[in-house]
Amino acid sequence: MGAQHDDLHDAADPHGRALRLGIGGPVGSGKTALVAALCRSLGPSMRLGVVTNDIYTTEDAEFLRRAGVLDPERILAVQTGCCPHTAIRDDIAANLDAVETLEERFGPLDLVIVESGGDNLTATFSRGLADRQIFVLDVSGGDKVPRKGGPGVTTADLLVVNKTDLAPLVGADLTVMSRDAAAVRDGRPVLFTSLREDRSAHSVAEWVTSLVNTWKHANDHVHEHTTPTTAA
């Protein structure tokens with residue numbers, strides 16, 4: 001997926017399985033908040049599973065379970081013990097095992113979300129693990145970040161710029177960020193949001209819904225009555 005990194009793994013056979021969506025980005029950008037928001041929005045109409053990544057803890061998975069956004073059994077945690085990008089790009093075995101475990105236990109699923117641990121602008125998912133990728137930035141790093149590029153920013157299928165409500169406080173110009181993101185992304189979409197103000201991430205959820213529907217039709221996905229997967 002990243003133009004500056006060789007992908008060591010072949011893409012998984014897409015037929016008859018869920019879309020696998022990777023969510024990456026720097027520490028504190030709002031990745032886990034976005035996963036929670038997508039579970040709130042999509043859980044009532046889609047069969048979901050979530051895999052989180054932390055280096056030494058299971059903190060992100062525990063946060064999602066406490067938030068009650070999804071049946072806790074559908075949230076699996078991977079402790080990478082290494083740099084986050086290694087576990088999502090180079091040695092994907094632990095994450096792939098977790099994804100396949102969810103599919104075996106709860107399948108057929110519509111969507112499996114894999115959240116990377118916090119990383120830098122070069123973080124990308126192997127196509128052997130994720131079919132599509134969202135990269136999350138936030139405005140607190142300043143409006144210069146999008147133009148710095150990096151494979152995460154430039155090649156992700158969707159770039160999300162979070163915490164727009166903080167822009168006046170940190171002196172970030174959202175117009176500049178939008179212009180610079182468009183310049184480095186070659187037409188790929190960019191969405192601005194504040195997950196603190198929009199806890200369901202409506203614009204991102206709409207994008208993901210379209211993605212999942214396209215995936216189903218293209219890959220002979222099993223069409224059955226969808227049982228909501230939100231927590232009771």
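Just so you know, these numbers come straight off a predicted model, no measurement behind them.

### Some remarks on the UniProt feature "binding site: GTP" (unreviewed entry) in the protein chain
Now for step 1: Within this numbering scheme, the UniProt entry marks Gly 25, Pro 26, Val 27, Gly 28, Ser 29, Gly 30, Lys 31 and Thr 32 as carrying the feature "binding site: GTP" (unreviewed entry).
Now for step 2: Secondary-structure assignment places Gly 30 in the loop between β1 (19–24) and α1 (31–42).
Now for step 3: Once residues lying within four places of it in the same chain are set aside, the contact partners of Gly 30 are Val 136, Asn 162 and Leu 195.
Now for step 4: Here Thr 32 shows up in helix α1.
Now for step 5: For Thr 32, a relative accessible area of 12% gives the class buried.

### Digging into the pairing of strand β6 (residues 158–162)
Now for step 1: Along β6, 5 of the 5 residues are buried, which leaves the element largely enclosed by surrounding structure.
Now for step 2: Of the two faces of β6, the one lined by Leu 158, Val 160 and Asn 162 and the one lined by Leu 159 and Val 161 are each fully buried.
Now for step 3: Sheet topology note: the strand β5 (residues 132–138)/β6 ladder contains 5 bridges and is parallel. Among the inter-strand pairings, Ile 134 is bridged to a residue of β6, identified as Leu 158.
Now for step 4: The pairing of β6 with strand β7 (residues 190–192) spans 3 bridges and is classified as parallel. Across the sheet, Val 160 pairs through a bridge with Leu 191, a residue of β7.

### Some thoughts on helix α9 (residues 202–218)
Now for step 1: Taking 1.5 Å per residue as the helical rise, α9 with its 17 residues ought to reach 24 Å, and the 24 Å between its terminal C-alpha atoms agrees with that figure.
Now for step 2: Looking at the buried residues of α9, the elements they touch are β1, α1, β4 (111–115), β5, β6 and β7.

### Focus on the packing of α1 against helix α2 (residues 59–67)
Now for step 1: Where α1 contacts α2, the two axes come as close as 10 Å, and the packing angle between them is 35 degrees. For the element pair α1 and α2, the recorded crossing hand is right-handed. Residues Thr 32, Val 35 and Ala 36 of α1 form the contact with α2, whose participating residues are Asp 60, Phe 63 and Leu 64.
Now for step 2: Considering only residue class, the contact of α1 with α2 consists of 4 nonpolar, 1 polar and 1 charged.

### Topic: helix α8 (residues 174–184)
Now for step 1: Considered for burial, the residues of α8 that qualify are Val 176, Met 177, Asp 180 and Ala 181. One face of α8 carries all of its buried residues, which in axial projection span an arc of 125 degrees. Turned more than 90 degrees from where α8 packs its buried face, Thr 175, Arg 179, Ala 182 and Ala 183 sit exposed.
Now for step 2: Contacts made by the buried residues of α8 are with α5 (145–148), β6 and β7.

### Describing the pairing of β1
Now for step 1: β1 sits mainly inside the fold: 6 of its 6 residues count as buried.
Now for step 2: Of the two faces of β1, the one holding Leu 19, Leu 21 and Ile 23 and the one holding Arg 20, Gly 22 and Gly 24 are both buried throughout.
Now for step 3: Pairing between β1 and β4: 5 bridges, direction parallel. Following the sheet pairing, Gly 22 is matched in β4 by Val 114.
Now for step 4: Both β1 and β5 contribute to a ladder of 4 bridges, which runs parallel. Residue Ile 23 lies in a different strand from β5, and its bridge partner there is Ile 134.

### Details of the UniProt feature "domain: CobW/HypB/UreG nucleotide-binding" (unreviewed entry) in the protein chain
Now for step 1: In this numbering, the UniProt entry assigns the feature "domain: CobW/HypB/UreG nucleotide-binding" (unreviewed entry) to residues 21–191.
Now for step 2: For residues 21–191, helix accounts for 39% and strand for 20%, while the C-alpha atoms at its two ends are 17 Å apart.

Reading guide: rules and limits
Residues numbered from 1 in each chain as written. Predicted model: local features only at pLDDT ≥ 70, side-chain atom pairs only at ≥ 80, totals over all residues. Heavy atoms only, no water. UniProt positions renumbered as here; feature names shortened; annotations may be inferred. Helix = DSSP H or I, 4+ residues; strand = E, 2+ residues; numbered from the N terminus. Contact = heavy atoms within 4.5 Å. Buried < 20%, exposed > 50% of the residue type's maximum accessible area, 1.4 Å probe, protein only. Pairing = 2+ DSSP bridges. Expected span 1.5 Å × (residues − 1). Axes fitted to C-alpha atoms, helices over the stretch in contact; angles between N-to-C directions. Left-handed = near helix turned anticlockwise from the far one by under 90°. Nonpolar A, V, L, I, M, F, W, Y, C, P; charged D, E, K, R; others polar. Arc of directions from axis to C-beta.

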